[in-house]
Amino acid sequence: MTWGMFILSKPVILLNGPSSSGKSTLGRALQAMIQERKNERFGLVSIDDCMKLAADEVIYEDDVFEINPDLCEKALCELKYAAGVIIDHVITSERIYTQLTEALKPY
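About the cut-offs
- Residues numbered from 1 in each chain as written.
- Predicted model: local features only at pLDDT ≥ 70, side-chain atom pairs only at ≥ 80, totals over all residues.
- Heavy atoms only, no water.
- Pairing = 2+ DSSP bridges.
- Helix = DSSP H or I, 4+ residues; strand = E, 2+ residues; numbered from the N terminus.
- Axes fitted to C-alpha atoms, helices over the stretch in contact; angles between N-to-C directions.
- Patch = residues over 30% accessible without salt bridge, like charges linked within 9 Å, V, L, I, M, F, W, Y side chains within 5 Å.
- Areas by Shrake-Rupley, 256 points an atom, 1.4 Å probe, with all protein chains shown as cover.
- Salt bridge = Lys/Arg side-chain N within 4 Å of Asp/Glu carboxyl O.
- Lys, Arg positive; Asp, Glu negative; His and termini not counted.
- Charge placed at Lys NZ, Arg CZ, Asp CG, Glu CD.

(A) Main features of the sheet that holds strand E2 (residues 42–46). One open sheet accounts for 3 strands, arranged E1-E3-E2; its pairing is parallel. Here the strands that pair on one side only, and so sit at the sheet edges, are strand E1 (12–16) and E2. Taking each pair of neighbouring strands and ignoring which way they run, the sheet shows an average axis angle of 15°. Sheet topology places E2 next to strand E3 (residues 84–89); 5 bridges connect them, and they run parallel. Each residue of the ladder has a partner; that of Val45, found in E3, is Ile87.

(B) A look at a negative patch on the surface. A cluster of acidic residues, Glu57, Asp63, Glu66, Asp70 and Glu73, forms a negative patch on the protein surface. Counting through the fold element by element, Asp63 comes out in helix H3 (residues 61–81).

These results come straight from atomic positions and should not be treated as a statement about function.
Encoded structure:
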């Protein structure tokens, strides 16, 4: 018997924007609001968790693409146990967005 691919329906909220634009602050506020209003725990995954840069350091597309699989893995781990996940990201190209959406496709 073939089961095929299971589709799991959990929300993924993507916050995308340049560095220091308030994504992390917004992500934490959303996480708290969801917990308070819906009594659901959402994971929060940030590009900052995977990429250690100084505030004035330039983020290059290749650097983001290189760490994107780690960010995707962290998001998938959160989705195993949380009601959903909020991702704070700096998507600098279509290939990064495609890599992210493909990794999270089951959700």
